Amino acid sequence: MTIDDIKALIASDESQTLELKKSTGELKDGMHAACAFLNTEGGWLIFGITPKSLKIVGQQVTDDTQREIAEAIAGLQPAVDVRPEYIDVPERPGNKVIAMHFDGWVWGERPHTFHGRPYYKVESTTKIMPQDMYDERIRAFEPKTYSWELRQAEGVTLSDLNEKHIRGCIRLGVEGGRIPASALSAPISDTLSKWKLLKNGIPTNGAAMLFSDNVYEYDNFKIKMARFLGTDKNEFIDEMRVEGNFFDLLDAGLAFCFKHLNLSGKITNRSLQREERLEIPYKALREAIINSLCHRQWEKYNLFNSIAIYDDRVEIGNPGIFPSQITPENIKEPHDSYPYNVKMAEALYRSMWLENWGSGAKRIIEACQEQGVEEPTWRWDGGFVYVTFKRPSYKQVADSAQLSSKQDEKPLNLRPSTDQVPPNLAPSTTESTTEDSKSTTESTIETLMSSIEFTNGNTEHKIIGLLKLDGSLTIDQLYPLLKMSRKGVQKAIERLKDKGTLYREGSTKGGRWIVCQKS
């Protein structure tokens, strides 16, 4: 390195990657900056430059100076191999500039400390690293020691795990080619062990989060949801909290979205099936909720996942952070995956609940694009990661629905959620309109049941066809139509629920079935 190289380095003043000191009299502060470089993006530490005037003054370098520098560098842990460069200052014979370069931090490395304290860079300022950031890096460096998901669950045994959920995941994974078929007949403990969800035969915290029906030891296994009036949190018109495992919280979150978001539907002449869609795509909401549950920091026991629905937007939040390689600005670009809970993510991937790691944001955006909905945005407020979907206005939903109606489709029926429509504009529910609607539905059902596509389909296919037409049909109404036993229909519905194809919204008597994907 030459003096011209030094001049080029200092031309733009101090920054996140450049720290200037007048002399090694400030060696201790310089080592704080060196530690910060090692924990951030790397950078140059240069002695012999006055920071304010950027004047190159240099200093006398003796054997004591070099020994002091070596001792200071030894205070950095883990140890680093840094070789100071000594550059002559032509204008000041005998004086030298001392320059040291420190490489930046790489995900998975142990964070550096100087005399036991970690530092990092925020722009050109050196700061003590927050405890959360340090813990996260230690956790990434030694996941088996520090990972919350790998610790043994307290108060949870293998018998507390929901075998129905586990078997459903195994079946989906086998059908998707991600789990060997032999897992279907193997003990569930074998599969859980392969997924690293058992430790010495005891469920881990990760297993409890995914499958346990006993969540009493976990105060944070909850999701809080609210429908706010307007665009702030001053007043809400519906609020609830639900506790449970991953699948309980996912179901509750989706049900709340179906309850409070506009739903449009159409019946096509070709398939005679009713296609319904939310104003914000179901696939996008589902992916966002899955990601928020899978990647949150579950060790933060006093914080909850959340879904907040406003007049103009939906915000899905979880306690957590973005990996150092991902920011709210670049999350939409192609990137690798850095899952916070690796074993939970692996289990969900193998059972088809998650797709390729790192593709979640892409899948959410694509689902919005397919439906002509504005792309969501991501942000981090220092404690929570949020994904925000902008809600289209009621008129936009109606216009979009009408435009999507083809010539071979029957007229579209738009069902807005009741909290979205002013009382004076709410549709009337007179006896005549109810009877007309009923007769139309019955007629369409009769047409469907006589079609070749319906008569040749399997039981699950037939159930989906009927429930797409009328989600309010009960099991007692379905089994006579299908000419099957009530128990047979009930089992088929349970299989569809396990696959994530069907979901029940509302009570047993007054609710309705939601078909979550094409079948």
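A. Structural context of the overall build of the protein. Along the backbone of the protein there are 18 helices and 23 strands. Classification of the 519 residues of the protein by burial places 49% in the buried group. In the protein, of all internal contacts separated by at least 6 residues, the share reaching a separation of at least 24 is 67%. Split by element, the accessible area of the protein, about 26,000 Å² in all, is 49% carbon and sulfur.

B. A look at the packing of helix H16 (residues 459-469) against helix H18 (residues 486-499). For the pair H16 and H18, interaxial distance at closest approach is 10 Å and the crossing angle is 80°. With respect to their mutual orientation, H16 and H18 come out roughly perpendicular. Contacts between H16 and H18 involve Thr459, Glu460, Ile463 and Ile464 from the former and Val489, Ala492, Ile493, Arg495, Leu496 and Lys499 from the latter. Each residue belonging to the contact of H16 with H18 can be placed in one class, and the counts come to six nonpolar, one polar and three charged.

C. Highlighting helix H1 (residues 3-10). Those residues of H1 that sit buried are Ile3, Ile6 and Ile10. On an axial view of H1, the arc spanned by its buried residues comes to 55°, and they lie on one face. Residues of H1 that are exposed and angled more than 90 degrees away from the buried face: Asp4 and Ala8. Among the structural elements, strand S1 (18-21), strand S2 (43-47), strand S3 (49-50), strand S4 (55-56), strand S6 (85-88) and strand S7 (96-102) are those in contact with the buried residues of H1.

D. Expanded view of the sheet that holds strand S17 (residues 305-309). Taking strand neighbours across the sheet as the criterion, the six strands line up as S14-S13-S17-S18-S20-S19 in an open arrangement whose pairing is mixed. The open sheet has two edge strands with one neighbour each: strand S14 (236-243) and strand S19 (377-380). Strand-to-strand, the axes of this sheet are offset by a mean angle of 15°, without reference to chain direction. As paired strands, S19 and strand S20 (residues 384-390) are joined by four bridges and run antiparallel to one another. Following the sheet pairing, Trp378 is matched in S20 by Val387.

E. How the structure looks around unusual backbone geometry. Across the junction of Gln77 and Pro78, the peptide omega takes the value -5°, indicating a cis bond. Of note, Pro78 is situated in the loop between strand S5 (76-77) and S6. One non-glycine residue, His115, lies in positive phi territory at about 50°. Tracing the chain through its elements places His115 in the loop between strand S8 (113-114) and strand S9 (119-122). One non-glycine residue, Met352, lies in the positive phi region at around 75°. Following the sequence through the fold, Met352 ends up in the loop between helix H11 (342-350) and helix H12 (360-370). For Met352, a relative accessible area of 28% corresponds to the partly exposed category.

F. Fine view of the packing of aromatic side chains. Using the criterion set out here, one finds 11 aromatic pairs in the structure. Centre to centre, the rings of Phe246 and Phe247 are 5.0 Å apart; their planes meet at 85°, and the pair counts as edge-to-face. You can call Phe247 buried: its relative accessible area is 6%. Considering the side-chain rings of Phe384 and Tyr386, the 6.0 Å spacing of their centres and the 25° angle between planes classify their relative orientation as stacked. There is no split in this pair, since Phe384 and Tyr386 are both buried. Aromatic rings pair up to connect Trp148, Tyr218, Phe221 and Trp298 into one cluster. Over the ring of Tyr386 we find Arg379; its NZ or CZ atom is 4.2 Å from the centre of that ring. In this structure, Arg504 packs its charged tip against the face of Trp513, placed 4.8 Å from the ring centre.

G. Region of interest: the pairing of S17. Among the five residues in S17, five count as buried, and that is most of the element. Alternating positions in S17 separate into two faces, Asn305, Ile307 and Ile309 on one and Ser306 and Ala308 on the other, with burial throughout. Strand direction decides the pairing type here: strand S13 (residues 222-228) and S17, joined by five bridges, are parallel. Its bridge partner lying in S17, Ala226 is registered against Ala308. Relative to strand S18 (residues 313-319), S17 runs antiparallel, the two being bridged by four bridges. The partner of Ile307 across the bridge, within S18, is Ile316. Counting the residues in the hairpin turn of S17 and S18 gives three residues.

H. A look at the pattern of salt bridges. Inspection of every chain in the model, using the stated rule, returns 25 salt bridges. In this structure, the salt-bridge partner of Glu19 is Lys21, at a minimum N-O distance of 3.3 Å. As a salt-bridge pair, Glu19 and Lys121 come within 2.6 Å of each other at their nearest N and O atoms. Of this pair, Glu19 sits in strand S1 while Lys121 sits in strand S9, placing them 102 residues apart in sequence. Taken as a pair, Glu19 and Lys121 share a single burial class, namely buried. When salt bridges with common partners are traced through the structure, they connect Asp312, Arg313, Glu315 and Arg379 into a single cluster.

I. Structural detail: the sheet that holds S1. Sheet architecture is open: four strands sit in the order S1-S2-S7-S6, paired in mixed fashion. For this open sheet the edge positions go to S1 and S6, each flanked by a neighbour on one side alone. Across the sheet, the mean angle from the axis of one strand to that of its neighbour is 20°, orientation sign disregarded. Taken together, the four bridges between S6 and S7 define a ladder with antiparallel strand orientation. Bridge pairing in S7 places Asp88 opposite Lys96.

J. Structural context of the environment of Lys468. One can find Lys468 in helix H16. For Lys468, a relative accessible area of 9% gives the class buried. Once the C-alpha coordinates of Lys468 and Trp513 are considered, the two residues, 45 residues apart in sequence, prove to be 8.5 Å apart.

K. Layout of the confidence of the model for the protein. Model confidence for the protein is summarised by a mean pLDDT of 83, while 82% of its residues fall at 70 or above. Of the regions scoring below 50 in pLDDT, residues 401-439 engages in 49 contacts with residues more than four places distant in sequence or in other chains.

Cut-offs and rules
Residues numbered from 1 in each chain as written. Predicted model: local features only at pLDDT ≥ 70, side-chain atom pairs only at ≥ 80, totals over all residues. Heavy atoms only, no water. Helix = DSSP H or I, 4+ residues; strand = E, 2+ residues; numbered from the N terminus. Buried < 20%, exposed > 50% of the residue type's maximum accessible area, 1.4 Å probe, protein only. Contact = heavy atoms within 4.5 Å. Areas by Shrake-Rupley, 256 points an atom, 1.4 Å probe, with all protein chains shown as cover. Axes fitted to C-alpha atoms, helices over the stretch in contact; angles between N-to-C directions. Parallel < 35°, antiparallel > 145°, perpendicular 65-115°, else oblique. Nonpolar A, V, L, I, M, F, W, Y, C, P; charged D, E, K, R; others polar. Arc of directions from axis to C-beta. Pairing = 2+ DSSP bridges. Phe/Tyr/Trp six-rings, centres within 6.5 Å; stacked < 30°, edge-to-face > 60°. Lys NZ or Arg CZ within 6 Å of the ring centre and 35° of its normal. Salt bridge = Lys/Arg side-chain N within 4 Å of Asp/Glu carboxyl O. pLDDT = per-residue confidence, 0-100.

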